[in-house]
Amino acid sequence: MVIQIVVTFGVLVLVLPGIYSSYKKKSLTPFGAVLWILLWMAGLILIWFPHLIDLIGSSLGVGRSIDAFVYLAIIFLLYSVLSQKIKINELSREITLLNRKIAIKKIEEDKK
Amino acid sequence: MKSNNNIYIVLPAYNEGKVIKEVITDIQKEGYKNIIVIDDGSSDNTYQEAKSTGVITLSHPINRGKGAATQTGIDAAKLLNADIIVTMDSDGQHSPKDIKKLIQPILDGKADVVVGSRMLNTKGMPQSRIIMNKIANIVTYIFFGILVSDSQSGFRAYNRKAYTNVYTYMDRYEFESEMLGQIKNAKLRIKEVPIKVIYTDYSKNKYKHMSRFSAQGLTNGVKMVIRLIENSLFK
């Protein structure tokens, strides 16, 4: 019971306001914000009613559905980390190129 | 000997305000007038000090690392139509007298790239530093398939064919290894010449943590390997 309360409290106090402020700062689209809220809500429902996981599992024909759930979560997280890493690398490269462009701008202009 | 008119000396500099002026003057005394300093987002007066000597001074608004600054310098020299580009450290550890040794094989048509090696004459170099350099050489060989005696040396000379065929993307120290890989892939002729390393109090203090097996030295090494692995995964 304690873990359910702690997680629910965390989601309500930290996660939801975080999503809202990201949406306000325009770093999340309305669709993105709704998707994140739905995801967290689904997580909360599953925490409060864990037997729902088994219901989903049995309807999908998976024996130990909690295992399948954990595996899917790991795959999702790995994918998420990888795509972020790629994006950060791209951004880092772009910052360097922009830096370079600014640095040699004068020489380029003098050449013209 | 061909005149030094179209030889460009590239000095990537980060927080070298205390020594940069002297380093530039020493290079000028050897007859090299074309010097490009790239201030890599320093928080001290490196830019002002370099600019006051009248050499070409470029500035990275944000610090991006020695690799990024060196490539910016090479790009600038390329725009200025350099025949030969020499890259040097800006902390005064390289002797400007060695520039002649570095460019000679290029002028003789015997090499496209010349690497100044501290490892061909290791007299005075701490044993731990020698071991660290050898490990870096092996790491470079593993990742890029090229074995040289001093893979981390920043004192190098490139002819036009070489500098138009290489372009590094790694921002920090690993770019020295990346560059060697590109030199190999472009089938450029590479030569190593022994260089002198000037261990001043300034450079000794700066590299204090790297001159022995300190935690920081080890951390830097591990970080370098991680970045090399990343580089082989993400393009």
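Here is what the cut-offs are and how they apply
Residues numbered from 1 in each chain as written. Chains lettered and ligands numbered in written order. Predicted model: local features only at pLDDT ≥ 70, side-chain atom pairs only at ≥ 80, totals over all residues. Heavy atoms only, no water. Pairing = 2+ DSSP bridges. Helix = DSSP H or I, 4+ residues; strand = E, 2+ residues; numbered from the N terminus. Axes fitted to C-alpha atoms, helices over the stretch in contact; angles between N-to-C directions. Contact = heavy atoms within 4.5 Å. Buried < 20%, exposed > 50% of the residue type's maximum accessible area, 1.4 Å probe, protein only. Core = buried A, V, L, I, M, F, W, Y, C linked by side-chain atoms within 4.5 Å. Buried area = accessible area lost by both parts, 1.4 Å probe. Salt bridge = Lys/Arg side-chain N within 4 Å of Asp/Glu carboxyl O. Polar contact = N/O pair within 3.5 Å; in protein donor to acceptor, adjacent residues only side chain to side chain. Nonpolar A, V, L, I, M, F, W, Y, C, P; charged D, E, K, R; others polar. Right-handed = clockwise from strand over helix to strand, strands pointing away. Phe/Tyr/Trp six-rings, centres within 6.5 Å; stacked < 30°, edge-to-face > 60°. Parallel < 35°, antiparallel > 145°, perpendicular 65-115°, else oblique. Expected span 1.5 Å × (residues − 1).

Draft legend 1. Main features of the sheet that holds strand β3 (residues 56-60) of chain B. Residues and elements named next belong to chain B. One open sheet holds the seven strands; their spatial order is β3-β2-β1-β4-β6-β5-β7, and the pairing between them is mixed. Only two strands of the sheet have a single partner each, and these edge strands are β3 and β7 (190-194). Neighbour to neighbour, the strand axes of the sheet diverge by 20 degrees on average, direction disregarded. Inspection of the sheet shows strand β4 (residues 84-87) paired to strand β6 (residues 156-159) by four bridges, in the antiparallel sense. When the bridges of β6 are listed, Val86 appears paired with Ala157. Running over the sheet, helix α7 (residues 175-185) touches β5 (113-117), β6 and β7 and is turned about 35 degrees from β6.

Draft legend 2. Representation of the pairing of β5(B). Residues and elements named next belong to chain B. Most of β5 sits inside the fold, with five of its five residues counted as buried. Residues Val113, Val115 and Ser117 point to one face of β5 and Val114 and Gly116 to the other, with burial holding for every one of them. Taken together, the three bridges between β5 and β6 define a ladder with antiparallel strand orientation. Counted as the bridge partner of Val115 is Arg156 from β6. Bridge count for β5 against β7 is five bridges, and the pairing is parallel.

Draft legend 3. Inspection of the side chain of Thr96(A) at higher detail. Within the fold, Thr96(A) resides in helix α4 (residues 65-111). Dropping the residues within four chain positions of it, Thr96(A) is found in contact with Arg64(B), Ala68(B) and Asp171(B).

Draft legend 4. Geometry of the nonpolar core. All names here are of chain B. Core analysis: the biggest nonpolar cluster contains 32 residues, and Ile36, Leu58, Ile85, Val113, Tyr158 and Ile183 have the highest contact counts within it. Residues in contact with Val113, not counting those within four places in the same chain, are Ala157, Tyr158, Ala162, Ile183, Leu188, Arg189, Ile190 and Lys191. Ile7, Ile24, Tyr32 and Val86 belong to the second largest nonpolar core, which has 27 residues in total.

Draft legend 5. Summary view of the interface of chain A and chain B. Counting from both sides, the interface comprises 17 residues of chain A and, opposite them, 20 residues of chain B. When chain A packs against chain B, the two sides together hide about 1700 Å² of surface, and 62% of this comes from carbon and sulfur. Remark: the boundary between chain A and chain B carries zero salt bridges. Applying the counting rule to chain A against chain B returns seven residue pairs in polar contact (both at pLDDT 80 or more). For the side of chain A that touches chain B, a count of residues per class yields eight nonpolar, four polar and five charged.

Draft legend 6. Summary view of the pattern of salt bridges. Residue and element names in this part refer to chain B. Applying the stated criterion across every chain, the model contains 14 salt bridges over all chains. With a closest N to O distance of 3.2 Å, Glu30 and Lys97 form a salt bridge. Taken together, the residues span a long stretch of sequence, with Glu30 in the loop between α1 (20-29) and β2 (35-40) and Lys97 in the loop between β4 and α4 (99-107) at a distance of 67 residues. Owing to a relative accessible area of 31%, Glu30 belongs among the partly exposed residues under this scheme.

Draft legend 7. Here's a closer look at the pairing of β3(B). Residue and element names in this part refer to chain B. Pairing geometry for β2 and β3, over five bridges, is parallel. The residue bridging Val37 from the neighbouring strand is Thr57, located in β3. Crossover connection from β2 via helix α2 (residues 46-52) to parallel β3: handedness right-handed.

Draft legend 8. Representation of the packing of aromatic side chains within the structure. This structure, assessed with the given rule, holds one aromatic pair over all chains. Plain terms: the ring middles of Tyr167(B) and Tyr169(B) are 5.3 Å apart, the flat faces sit at 55 degrees to each other, and that makes the pair tilted.

Draft legend 9. Local environment of the packing of helix α3 (residues 66-79) of chain B against α7(B). All names here are of chain B. The interhelical angle for the contact between α3 and α7, taken along N-to-C directions, is 50 degrees, at an axis separation of 9 Å. The orientation of α3 with respect to α7, classified from their angle, is oblique. Contacts between α3 and α7 involve Lys66, Gly67, Thr70 and Ile74 from the former and Phe175, Glu176 and Met179 from the latter. Among the residues forming the contact of α3 with α7, the class breakdown is three nonpolar, two polar and two charged.

Draft legend 10. Seen up close, α3(B). Residue and element names in this part refer to chain B. Between its terminal C-alpha atoms α3 stretches 20 Å, which fits the 20 Å expected from 14 residues at 1.5 Å a residue. Every buried residue belonging to α3 is among Lys66, Gly67, Ala68, Ala69, Thr70, Gln71, Thr72, Gly73, Ile74, Asp75, Ala76 and Ala77, and all of these are buried. Of the residues trailing α3, Asn81 is marked for its positive phi of about 65 degrees.

Bear in mind that shape data such as this cannot, by itself, settle questions of function.
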